[in-house]
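Analysis of the macromolecular model
Below, each chain spelled out in residue letters.
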Amino acid sequence: AQSVAQPEDQVNVAEGNPLTVKCTYSVSGNPYLFWYVQYPNRGLQFLLKYITGDNLVKGSYGFEAEFNKSQTSFHLKKPSALVSDSALYFCAVRAPGYSSASKIIFGSGTRLSIRP
Amino acid sequence: DAGVTQSPTHLIKTRGQQVTLRCSPKSGHDTVSWYQQALGQGPQFIFQYYEEEERQRGNFPDRFSGHQFPNYSSELNVNALLLGDSALYLCASSRLSAGELFFGEGSRLTVL
């Protein structure tokens, strides 16, 4: 069974500093990995995904994520944080392939707080 | 191009009642997944529909049921509501062959 862990409930960063939000996963085979962001009382917005190829994936709003197969990690990063990045971030994993067993499982979320 | 739309946005029910939530997927998408998100938690997978059939199911009781129509829209039904069913219910659509999900804004259910 697939699973994903976000070890930090909250990450606090000063504006302009780099940020990292951690994620580790467990799945059979090569995973599909995702990051989503959620603002208060809203649905989830897709940020980026890794399916195959370059281990560094670039996404929306200047975010990027690094896939590390040996450490089964997919950490979200941004070189310079903005106050507007403050939100709830979710890592998610899907088992590979086109079969009907394609559910996406989400982590518990990390609240990112950027102070001015 | 309309994204994923859900209705109603908010609703209040009492214990024991039944509720139906509706979802229209993004244009071109054929798969609909439903998630329950309790306050302060991550979305929990309820089930996924493709070709009008339930393809995958999470760890939810039979009180939770669904349907997908020929136009790919979907309904989530919850019977015999419990206080613990209070949550944000998220619908997400995708193409089965693709990766990411596109989410609606959710239906917030309060059970009193």
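Residues numbered from 1 in each chain as written. Chains lettered and ligands numbered in written order. Predicted model: local features only at pLDDT ≥ 70, side-chain atom pairs only at ≥ 80, totals over all residues. Heavy atoms only, no water.

Thoughts on the sheet that holds strand β3 (residues 19–24) of chain B
All names here are of chain B. Going by this rule: Any two strands between which DSSP finds at least two bridges are classified as paired. Counting from the N terminus, the helices are DSSP H or I runs at least four residues long and the strands are E runs at least two residues long. To get an axis, a line is fitted to the C-alpha atoms, and for a helix only the part in contact is used. The angle between two axes follows their N-to-C directions and goes from 0 to 180 degrees.
With antiparallel pairing, the 4 strands of this open sheet are ordered in space as β1-β3-β8-β7. The open sheet terminates on both sides in strands that have one partner only, identified here as β1 (5–7) and β7 (64–68). Within this sheet the neighbouring strands show an average axis-to-axis angle of 15°, counted without direction. Relative to strand β8 (residues 74–78), β7 is paired through 5 bridges, and the arrangement is antiparallel. Its bridge partner being in β8, Gly-66 is matched across the sheet by Leu-76.

Some remarks on the interface of chain B and chain A
Filter applied, for reference: Contacts are assigned to residue pairs that have any heavy atoms within 4.5 Å of one another. Accessible area that two parts lose when put together, with a 1.4 Å probe and added across both, is what the buried area reports. The working definition used for a salt bridge is a side-chain nitrogen of Lys or Arg within 4 Å of a carboxyl oxygen of Asp or Glu. For the purposes of these results, a polar contact is taken to be a pair of N or O atoms within 3.5 Å, where, inside protein, one atom must be able to donate a hydrogen and its partner to accept one; residues adjacent in sequence count only when each atom of the pair is a side-chain atom. Each residue gets one label: Ala, Val, Leu, Ile, Met, Phe, Trp, Tyr, Cys and Pro are nonpolar, Asp, Glu, Lys and Arg are charged, and the others, such as Gly, are polar.
Every contact between the two is made by 23 residues of chain B and, on the other side, 22 residues of chain A. The contact between chain B and chain A buries some 1,800 Å² in all, and 52% of this surface belongs to carbon and sulfur atoms. One salt bridge in this structure joins Arg-42 of chain A and Glu-105 of chain B, with 2.7 Å as the shortest N-O distance. Linking chain B to chain A there are 6 residue pairs in polar contact (both at pLDDT 80 or more). Going through the elements one at a time, β4 (31–37), β5 (44–50), β6 (53–57) and β9 (87–94) of chain B are the ones with two or more residues in the side of chain B that touches chain A. No other element matches β6 of chain B, which puts 3 residues into the side of chain B that touches chain A. Residues of the side of chain B that touches chain A, tallied by class, amount to 9 nonpolar, 9 polar and 5 charged.

Some thoughts on unusual backbone geometry
To keep it simple, the criterion reads: We call a residue buried when its accessible area falls under 20% of the maximum for its residue type, exposed when it is over 50%, and partly exposed in between, using a 1.4 Å probe and counting protein chains only.
In this chain, Ser-7 of chain B is followed by Pro-8 of chain B through a cis amide linkage whose omega measures -10°. Its identity is not glycine, yet Thr-72 of chain A carries a phi of approximately 45°, on the positive side. On the secondary structure map, Thr-72 of chain A appears in the loop between β8 (64–68) and β9 (73–78). With a phi angle near 65°, Glu-52 of chain B is a residue other than glycine that sits in the positive phi range. On the accessibility criterion, Glu-52 of chain B (42% relative accessible area) is partly exposed.

Notes on the pattern of salt bridges
Residues and elements named next belong to chain B. One pass over the full model with this rule turns up 9 salt bridges over all chains. The salt bridge involving Arg-22 is made with Glu-75; its shortest N-O contact spans 3.5 Å. One end of the pair, Arg-22, is in strand β3; the other, Glu-75, is in strand β8, with 53 residues separating them in the sequence. Relative accessible area serves as the criterion here: at 42%, Arg-22 is assigned to the partly exposed category. According to the relative accessible area criterion, Glu-75 is buried, its value standing at 18%.

Regarding the side chain of Asp-85 of chain A
Mapped onto the fold, Asp-85 of chain A is located in the loop between β9 and β10 (87–94). Classification of Asp-85 of chain A by relative accessible area gives buried; the value is 4%.

Observations regarding the confidence of the model for chain A
Close inspection of predicted coordinates is inappropriate in any region flagged by low pLDDT. Quick reminder of the rule: What pLDDT conveys is the predictor's confidence in a given residue, as a value from 0 to 100.
The share of residues in chain A with pLDDT of 70 or more is 95%, and the mean pLDDT across the chain is 91. When pLDDT is averaged over each element of chain A, strand β3 (residues 19–21) of chain A comes out on top at 98 and strand β11 (residues 104–106) of chain A at the bottom at 91.

A closer look at the nonpolar core
As a reminder, the rule being used: Definition of nonpolar core: a set of buried residues of the types Ala, Val, Leu, Ile, Met, Phe, Trp, Tyr and Cys, connected through side-chain atoms within 4.5 Å.
Counting residues in hydrophobic clusters, the biggest one holds 45 residues, and the most contacted among them are Trp-35, Leu-48, Tyr-89 and Phe-106 of chain A together with Phe-103 of chain B. Looking at which element gives the most residues to this core, the answer is β10 of chain A, with 7 residues. Val-4, Phe-60, Val-78 and Cys-91 of chain B belong to the second-largest nonpolar core, a separate cluster that totals 20 residues.

Structural notes on the pairing of β3 of chain B
All names here are of chain B. Both β1 and β3 contribute to a ladder of 3 bridges, which runs antiparallel. Across the sheet, residue Thr-5 finds its bridge partner in β3, namely Ser-24. Of the strand pairs in this sheet, β3 and β8 are connected by 5 bridges, and their pairing is antiparallel. Across the sheet, Arg-22 pairs through a bridge with Glu-75, a residue of β8.

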